[in-house]
Structures are given as structure tokens and as C-alpha cells.
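Chains, contacts and geometry: an overview
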Amino acid sequence: MRELLKQVRVIDPGLGIDQVADIVIADGEIETVATQISEISADTHIQDGRGLVLGTGLVDLYSHCSQPGFEERETLSSLLQAAGAGGFTRINILPDTSPAIDHPAIVAQLQQKSREINNTPHVYVWGAITQNLGGKQLTELTDLAIAGVVGFTDGQPWENIALVRRVLEYLQPTNKPVAFSPGDRLLSGNGVMREGAEALRLGLPPVPVSAETTAIASLLELVTDTGTPVHIMRVSTARSVELIACAKAAGVPITASTTWMHLLLDTTAVKSYDTSLRLDPPLGNPSDVEALQAGVKQGVIDAIAIDHAPYTYEEKVQAFAESPPGAVGLELALPLLWQHLVESGKFTALELWRAVSTQPAICLQQKPSMITPDEKAELTLFDPQALWKVENSSLHTLSSNTPWLGQEIKGRVVRVWV
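Residues numbered from 1 in each chain as written. Predicted model: local features only at pLDDT ≥ 70, side-chain atom pairs only at ≥ 80, totals over all residues. Heavy atoms only, no water.

Some details on the sheet that holds strand β10 (residues 179-180)
What counts is decided by this rule: At least two bridges found by DSSP between two strands are what make those strands a pair. Runs of E in the DSSP output that reach at least two residues are strands. Runs of H or I that reach at least four are helices, and both are numbered from the N terminus.
Taken together, four strands build an open sheet; the order of strands is β10-β13-β14-β15 and the sheet is parallel. Bordering the open sheet on either side are β10 and β15 (303-305), each of which pairs with just one other strand.

Written out as C-alpha cells, the structure is:
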């Protein structure tokens, strides 16, 4: 099958391209990219691309899959449908399933199930560092590496810093990414909201900035000591951005990501007590959001992750401090990031696309997709002006724990090529 997209806005951060062009896709490969294509074969399907954006496929660094163990929240099938509907061509699943992804058999099971679901994003699996994510006994890291995990993480804060150092030593030979979610649980205590004026006003237990920054500082020292590259997940404070910037300037081998909601919302949003705003780490103060946005633009923060975390209605309908942390986002992230960052002029389209496509792939030691002849078509077609209402019926995910539920938003993915 041959398709021609006429006068579509092509965005390829790897090539530094943001221009209007014609593009021919044939049998799953990019055949031609040109300013204008006039000679068209009779078997070519033509689509008017004016007003649409064609970018390299989006890559999500980490999200939660509830299968196996919590299929009432999300199945692998619904997760992949949501990811495809959100423009993602690759998705990387965190190991906090039940049982956890801490054994090659679980990896093989998820890989097999993903192959049985057609026309959906490529699935990659993070392997657990410790058995059952307990933070005490290491998994068979080499066996998991051979089984094909994309990298290693427990996806949650660690208590034993000595074990973290041992992990960095053990994982060095595997040449696989290793990611840590920084946080000091003793400093966090029972906190559910970033410390500051809003937390005082709302009467919610605070989480100090130091709960994140002391963990990052310790991790940076260990990386400097061992030389093992590390990815820092869920960066959420201005001080963390400073620490990471200094470490990168000193040549410490790290990459970092923040989540899309931490880029768009701050503590002032929590006044609604919407439990979908209960996140871990919590939303930052306005100064944190400004620093995170600047960090992404400057490349200090390499990538934007979705951290899609589905929960049932019953799990989320309780007091703010008692609800489990997390929100869905695979279908909402690109429209809302584009609307609030690109249309507002805070980001260029290339800056945003780089952080949700090219850079996540690089953080995972993967080759980013490219929009150039003879490359496989791994593409996202996006209509930035399409209006739609966020409702249970309009979402592919089984859960609807999002603060945008019931609201009309602008921007929707038209199609992905995988």
C-alpha cells in the first residue's frame, strides 16, 4: 500500500527538521520526502496533511501495566491501545506487576502477549532489580538481561544506599540502562504534597524538597564513584535540576526525566483535592515547574515520561491523603503538552518532540526513529486543533483517574505507523 501525505508539517528532532513537505509511505517504509511531489502513481492513496503534524514516533520511558495482577485497572491490550491512541510507538513497562517482573519467565510471558496484539506500539519491559521489588534481595540480573529486558529499575525509592552501590557494580557489565526513582522515605514521612504555602493552606502533610535532593545527591556520588551510567526518574524540584546540571557539567554519566504532569501543573491545582493530582513525587511549587520546563528546554532534563498509572474508581474515591498516587496520561500527554507549551510559545515544536520522542529512545540506548527515505515508518500523525472531550467512552484505557476528566481539550492523534 502506498500513501501520500500532502503538505504536512514534518517534525524530526534528530535531523533538526520542522517544515512542510509531501511524504510517501509504502509498505511500511518511508519512500520519499520532498517539498512537493507531483508525479503520483495510480495506486497511491492521497491524504491532505494541511494543519496536521507528522512527527517521529513517541517513546514513553516508563509506565505501569496492571497485567498480570490488577487487570481491573488495565490490561496489556488496553494499555497498548491507549498508547497507540496517544501517539506512542514504543512503550516501556515498569516491573511493578503482580508477580513483579523479576524472573525471565515473566518477561517471556509479557513479550509473548504483546506479540499477540496486532498494530500496537512496540513493548519493552523493565526488569526488577530486587526480588518482588522488596529492596533487599537482588534478582538474577544477568538472566533478566539475557531474557531481553530494556533495562533495570524497581521504579520506587530505595532505602539501602549500600545495595544501590552494589547494583551499580553488578550492572556495569550488562551495558543495560539502570534507572532510579529518588526519594528518602524517612524525610517524606506521611507527606502527600510538596512543602510550601499551599500545603499549609490546604492542611495536607508536606513532603520537603530534601526528600528528593538528598537521594539524588547520594546517587550522584555513587555514580561518580563507580562510573556506571544511571537514569534519574521523576525529577520534580528546582534544586534537583540544579544538582543534575552540575553533575552533567562535571561529566557524571547520567540522564534524567520528569513526568508530563509535573511540567504542566503545580501545587495550586491541588486546591480541588482531586485525588488524580495525588502523585509520587508530589506536584511541585510554581518555581519547580518553571525550573523543570527550563531544564527540559536546555537538555538538563533529557526526556518527558508519562508514568501512566491506572487505578479503579473505587481506589481513587477516598480522602486525598489516603488515595494511591498516580494518574493516567498516555492519551492526554501530547495534546496537553502541545497546548500548554508549544501553543503558548514556551517551547518550540522541535523542543517538545525531542523530549517525547528522540531523547527517550537515546536514554534507553535505542535508535530513534527518523523521517528519511528507506527508514521504517515509525510515525505519529497529530491534529493540534482537534477538539474532544475526555470521558470514559473517549478513552482506550480502562481507568479514568485524570484531573481532565469531563473537560474538553484541544489536540488529538490521528494515526500512528508502527
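Some thoughts on unusual backbone geometry
Each neighbour pair has its own omega, and for Gln67 with Pro68 the value is 10°, a cis peptide bond. Following Ser98, the chain continues into Pro99 via a peptide bond in cis, with omega recorded as 5°. Locating Pro99 in the fold gives a position in the loop between β7 (88-93) and α2 (104-115). With a phi angle near 55°, Tyr273 is a residue other than glycine that sits in the positive phi range. On the secondary structure map, Tyr273 appears in the loop between α9 (260-264) and α10 (286-298).

Section: the UniProt feature "domain: Dihydroorotase catalytic" (unreviewed entry) in the protein
How we decide: UniProt positions are given in the numbering used here, feature names are shortened, and annotations may be inferred rather than shown by experiment.
In the numbering used here, UniProt assigns the feature "domain: Dihydroorotase catalytic" (unreviewed entry) to residues 53-237. The span residues 53-237 carries 36% helix and 18% strand; its end-to-end C-alpha distance comes to 32 Å.

Observations concerning the packing of helix α4 (residues 161-171) against helix α7 (residues 210-226)
Stated precisely, the cut-off is as follows: For every element, the axis is a line fit to its C-alpha atoms; helices are fit only across the contacting stretch, and the angle between N-to-C directions ranges from 0 to 180 degrees. Crossing handedness is defined as follows: a turn of the near helix away from the far one that is anticlockwise and smaller than a right angle gives a left-handed crossing, while the clockwise case is right-handed. Any two residues having at least one pair of non-hydrogen atoms within 4.5 Å are treated as being in contact.
Axis separation between α4 and α7 bottoms out at 10 Å; the angle between their running directions is 35°. The handedness of the crossing between α4 and α7 comes out as right-handed. On α7, the residues that touch Ile161, Val164, Arg165, Leu168 and Glu169 of α4 are Ser218, Leu219, Leu222, Val223, Asp225 and Thr226.

With respect to helix α8 (residues 238-249)
Along an α-helix, residues three or four apart share an orientation, since each turn contains 3.6 residues. The cut-off we apply is this: The span expected for a helix works out to 1.5 Å for each residue beyond the first. Working definition: with a 1.4 Å probe on protein chains only, accessible area under 20% of the residue-type maximum means buried, over 50% means exposed, and in between means partly exposed.
The end-to-end C-alpha distance of α8, which contains 12 residues, comes to 17 Å, matching closely the 16 Å that a straight helix rising 1.5 Å per residue would cover. Among the residues of α8, Ala238, Ser240, Val241, Leu243, Ile244 and Ala247 are the ones counted as buried. In this structure, the buried residues of α8 make contact with α7, β13 (230-232), β14 (254-259) and α10. Immediately downstream of α8, the backbone of Gly251 shows phi near 85°, a positive value.

Quick word on the layout of surface pockets
Going by this rule: Only protein atoms enter the 1 Å grid used here. Points where a 1.4 Å probe fits but cannot escape make up a cavity, open sets with protein on both sides within 12 Å along at least five of seven lines make up a pocket, and a residue lines them when an atom lies within 4 Å of a point. Grid points are joined across faces, edges and corners, and a volume is the space filled by probe spheres set on the points. Classification convention: Asp, Glu, Lys, Arg as charged; Ala, Val, Leu, Ile, Met, Phe, Trp, Tyr, Cys, Pro as nonpolar; all other residues, Gly among them, as polar.
For the largest pocket, the calculated volume is near 810 Å³. Lining the largest pocket are 45 residues, with His64, Arg185, Arg234, Asp280 and Pro325 sitting closest to its centre. For the lining of the largest pocket, the secondary structure elements donating two or more residues are α5 (185-188), α7 and α9. The element that contributes the greatest number of residues to the lining of the largest pocket is α9, accounting for three residues. Tallied by class, the residues present in the lining of the largest pocket amount to 21 nonpolar, 13 polar and 11 charged. By volume, the second largest pocket amounts to about 320 Å³. For the second largest pocket, the lining is made up of 18 residues, of which Trp158, Glu159, Ile161, Gly183 and Ala215 are closest to its centre. For the lining of the second largest pocket, the secondary-structure elements that each account for two or more residues are α4, α5 and α7. Among the elements that make up the lining of the second largest pocket, the one with the highest residue count is α7 (four residues).

A word on empty space enclosed by the protein
Evaluated as defined, the whole model comprises one cavity of 30 Å³ or more. Lining of the largest cavity is provided by Val192, Met193, Arg194, Thr267, Val270, Leu277, Pro282, Leu283 and Phe320. Taken together, the residues of the lining of the largest cavity sort by class into seven nonpolar, one polar and one charged.

Digging into the side chain of Thr275
Tracing the chain through its elements places Thr275 in the loop between α9 and α10. On the accessibility criterion, Thr275 (10% relative accessible area) is buried. Contact partners of Thr275, with chain neighbours within four places excluded, come to Lys316, Gln318, Ala319, Phe320 and Ser323.

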